Amino acid sequence: MLEKQNKKSLKWLWTALVVVVVLAIFAWCGYNATQSEKGVDSIFGLSSLLFGIFVITALGYLLGKINIKGVSLGTAGVFLVAIAFGVLCTYIPNDMPILGVLHLDSATKNTAYYKSAISNIGLVLFVGSVGFIAGPKFFRDLKKNFKTYIFLGISIIVVGTAVAVLFVFISPYGSDFWSGVLSGALTSTPGYSAAIEAMKIKGEVDTLVTIGHAVAYPFGVIGVVLFVQLMPKILKSDMAKERSFLKPDVIEQSEKTLDKSKLFKCDDFGFTALALAVVSGLILGAIKIPLFAGAVFSLGTTGGVLIMCLVFGHFGRIGKLSLEIPETTLKALKELGLMLFLIGAGVEGGVSLIDAVEGDAGIIAWGFGGGVAMTMVPMIVGYFIGGKLLKMPLLNNLGSITGGMTSTPALGSLIATAETDDVAGAYASTYPIALVLIVLACNLMIGLI
């Protein structure tokens, strides 16, 4: 009886929320439309951006909270709502009364803000927090499992690339399209950029690369998120036991805490330490290393910031300056960063999807189907290699898979599922090798096939 009442109350809550959101949209849009006519477009554009962010946040977390047999989207619900928001807003004419203020397309400033500013700020906050969390035990773990992480990362990218090459030969589309699908299926922006650069070197247009990436990207995010949640449930794993394989050395941590008590702190929240690590990471990520066949490798924002935050988190100090960041700060910034990243990537992805594939149902079907295969097959193969061949504990295995798939959202989901941040060490260990290989794979597919 009580359960029925709770379900009824939840239905009314959802109904009330939808009504409030719809009324708020109309009221807000009407007000801003009048303000836009008075010549305050810059303020209006900023408020439009903020409005979109918080509407997506509210609805996304509600969607992510829906639990079906113990599986939920969590923060990835924000990504789905952001995609839907981007798609719907492309269909709103910019000259439409009231609602026209929400119009988005590839040329609007707000779309560019979602793509560049919002997603990158979120990415920096998320990987920076993860780096500081994993730093104290990262290098010890890497030393112990270096060969297994390298082997698993190589296996995942090689299998994914093999599937992509297979589709080049069995589909009516060429390597430019399928390199884009591969980068989308592995949610790899550096891989996508490498494919674009390879097309420029060949003197050809990169439209099909963009289409492939846009079609495959949504499942590339959701597929890995669901995989890391479902596997422990399918295997009926004892999560407490699995977490015990990840626990750091208590003595080592207590000694480090005693040392840090004598150091100087610039602020109680650790923002100074995070800022120094992020600046160092951005510089490292901007370094470009020429490879071959015109390919250029760089760690980019994600790789550079992650590595430097791991280093800062590991050492915990620069001379007498403390680099310690409170756990509560890191957890809040980690969730905030993931949320912003998913909003930016989702909105831009929804807009790009409509712009790129409008009018060609065949390419959508091929790209989505191929993208699913390039997401699922490497994960399944990687899981069996890690678990059966390399004898890795489950959470180490899944953490390495998220790194091998270069999936930041999946890491956030795995941390929530495992109920420990220690899985980030496996992600961070596998991520760099996967990043290098996906850049090479996307570049070479266009250059050699």
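For side chains bearing opposite charge, pairing can occur when the charged atoms are close. This structure, assessed with the given rule, holds 3 salt bridges. Glu419 is paired through a salt bridge with Arg243; the nearest N and O atoms lie 3.8 Å apart. Taken as a pair, Glu419 in the loop between helix 15 (408-418) and helix 16 (424-448) and Arg243 in helix 8 (residues 239-244) lie far apart in primary sequence, 176 residues in all. Given a relative accessible area of 61%, Glu419 falls into the exposed group.

Interaxial distance between helix 7 (residues 207-234) and helix 15 falls to 8 Å at its minimum, and their mutual angle equals 20 degrees. In terms of orientation, helix 7 and helix 15 fall into the roughly parallel class. In this structure, the crossing between helix 7 and helix 15 has a hand that is right-handed. Together, Val221, Val224, Val225, Val228, Gln229 and Pro232 of helix 7 and Pro409, Ala410, Ser413, Leu414 and Thr417 of helix 15 make up the contact between the two elements. Residue composition of the contact of helix 7 with helix 15, by class: 8 nonpolar, 3 polar and no charged.

Attention now moves to the confidence of the model for the chain. For the chain, per-residue confidence averages 79 on the pLDDT scale, and 80% of positions sit at 70 or higher. In the predicted structure, residues 36-43 sits below a pLDDT of 50 and forms 3 contacts with residues beyond four places in sequence or in another chain. Below pLDDT 50 for its whole length, residues 249-258 participates in 7 contacts with residues either more than four positions away or in separate chains.

To continue, consider helix 7. With 28 residues, helix 7 extends 40 Å between its outermost C-alpha atoms, agreeing within 8% with the 40 Å of an ideal straight helix rising 1.5 Å per residue. Within helix 7, the axis deviates most sharply at Ala216, by approximately 35 degrees, and proline Pro218 lies no more than four positions further along.

As a further point, take unusual backbone geometry. In the Ramachandran plot, Thr187 falls in the positive-phi region, its phi being about 45 degrees despite a non-glycine side chain. By the secondary structure assignment, Thr187 is in the loop between helix 5 (175-185) and helix 6 (189-202). Phi is positive for Lys391, which is not a glycine, with a value near 55 degrees. Note on Lys391: relative accessible area 65%, which makes it exposed.

This brings us to the nonpolar core. Counting residues in each nonpolar core, the largest one holds 122 residues, and the members touching the most others are Tyr114, Phe132, Trp178, Leu182 and Met374. In terms of residue count, the dominant contributor to this core is helix 4 (residues 109-170) (21 residues). Setting aside residues no more than four positions away along its own chain, Trp178 makes contact with Ala164, Phe167, Val168, Ser171, Tyr173, Trp366, Gly367, Gly370, Met374 and Met445.

Turning next to the packing of aromatic side chains. Counted under the stated rule, the structure contains 10 aromatic pairs. The interplanar angle of 75 degrees and the centroid separation of 5.4 Å between the aromatic rings of Tyr383 and Phe384 together place this pair among those described as edge-to-face. Look at Tyr383 and you get buried, because its relative accessible area is 12%. Clustering of aromatic rings is evident, with ring pairs tying together Phe167, Tyr173, Phe177, Trp178 and Trp366.

Next up on the list: the packing of helix 5 against helix 7. Angle between the axes and distance between the axes: these two values describe a pair of packed helices. Interaxial distance between helix 5 and helix 7 falls to 6 Å at its minimum, and their mutual angle equals 30 degrees. By the angle class used here, helix 5 and helix 7 are roughly parallel. Handedness of the crossing formed by helix 5 with helix 7: right-handed. Contact with helix 5, carried on its side by Asp176, Phe177, Ser179, Gly180, Val181, Ser183, Gly184 and Ala185, involves Leu208, Val209, Ile211, Gly212, His213, Ala216, Tyr217 and Gly220 of helix 7 and no other residues of that element.

What counts, and at which threshold
Residues numbered from 1 in each chain as written. Predicted model: local features only at pLDDT ≥ 70, side-chain atom pairs only at ≥ 80, totals over all residues. Heavy atoms only, no water. Salt bridge = Lys/Arg side-chain N within 4 Å of Asp/Glu carboxyl O. Helix = DSSP H or I, 4+ residues; strand = E, 2+ residues; numbered from the N terminus. Buried < 20%, exposed > 50% of the residue type's maximum accessible area, 1.4 Å probe, protein only. Axes fitted to C-alpha atoms, helices over the stretch in contact; angles between N-to-C directions. Parallel < 35°, antiparallel > 145°, perpendicular 65-115°, else oblique. Left-handed = near helix turned anticlockwise from the far one by under 90°. Contact = heavy atoms within 4.5 Å. Nonpolar A, V, L, I, M, F, W, Y, C, P; charged D, E, K, R; others polar. pLDDT = per-residue confidence, 0-100. Expected span 1.5 Å × (residues − 1). Bend = angle between axes of the 7 residues up to and from the residue. Core = buried A, V, L, I, M, F, W, Y, C linked by side-chain atoms within 4.5 Å. Phe/Tyr/Trp six-rings, centres within 6.5 Å; stacked < 30°, edge-to-face > 60°.

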